[in-house]
Amino acid sequence: MSISQFTITKKIAKHGNQAIIVVPKILEEQLKPGTLTQITIEIIK
């Protein structure tokens, strides 16, 4: 098993009534549908 780790600082976007996190296009190859990921959210005030 190989693990790649990325740190991304993003503002939360809005899509209709939902808040979303948009993933940078540069990670598109790494994050194909079915890819298992672990996401930790740290709120920065």
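Higher on the page you've got the structure.
Being a predicted model, the structure only gives us computed values, none of them experimental.

*Asks:* Can you help me understand a nonpolar patch on the surface in this one?
*Replies:* Taken together, the side chains of Ile12, Ile21, Ile39, Ile41 and Ile43 define a hydrophobic patch exposed on the protein surface, amounting to about 580 Å² of accessible area. For Ile12, a relative accessible area of 52% corresponds to the exposed category.

*Asks:* What is the right way to read the layout of surface pockets from this model?
*Replies:* If a probe the size of a water molecule is rolled over the atoms, the empty space left behind becomes visible. The calculated volume of the largest pocket comes to roughly 1,500 Å³. Looking at the largest pocket, it is lined by 27 residues, and the ones nearest its centre are Phe6, Ile8, Gln38, Ile39 and Thr40. Broken down by class, the residue content of the lining of the largest pocket amounts to 14 nonpolar, 10 polar and three charged.

*Asks:* Would you mind showing me how to read the pattern of salt bridges here?
*Replies:* When their charged atoms lie close together, side chains carrying opposite charge are able to pair. The final tally for this structure, using the stated rule, is two salt bridges. Notably, a salt bridge pairs Lys25 with Glu28, separated by 3.0 Å at the nearest N-O pair. With a relative accessible area of 65%, Lys25 lands in the exposed category. With a closest N to O distance of 3.1 Å, Lys32 and Glu29 form a salt bridge. The exposure class assigned to Glu29 is exposed, which follows from its relative accessible area of 55%.

The rules behind each value
Residues numbered from 1 in each chain as written. Predicted model: local features only at pLDDT ≥ 70, side-chain atom pairs only at ≥ 80, totals over all residues. Heavy atoms only, no water. Patch = residues over 30% accessible without salt bridge, like charges linked within 9 Å, V, L, I, M, F, W, Y side chains within 5 Å. Areas by Shrake-Rupley, 256 points an atom, 1.4 Å probe, with all protein chains shown as cover. Salt bridge = Lys/Arg side-chain N within 4 Å of Asp/Glu carboxyl O. Buried < 20%, exposed > 50% of the residue type's maximum accessible area, 1.4 Å probe, protein only. 1 Å grid on protein atoms, 1.4 Å probe; cavity = no way out; pocket = protein on both sides within 12 Å on 5 of 7 lines; lining within 4 Å. Points joined across faces, edges and corners; volume = space filled by probe spheres on them. Nonpolar A, V, L, I, M, F, W, Y, C, P; charged D, E, K, R; others polar.

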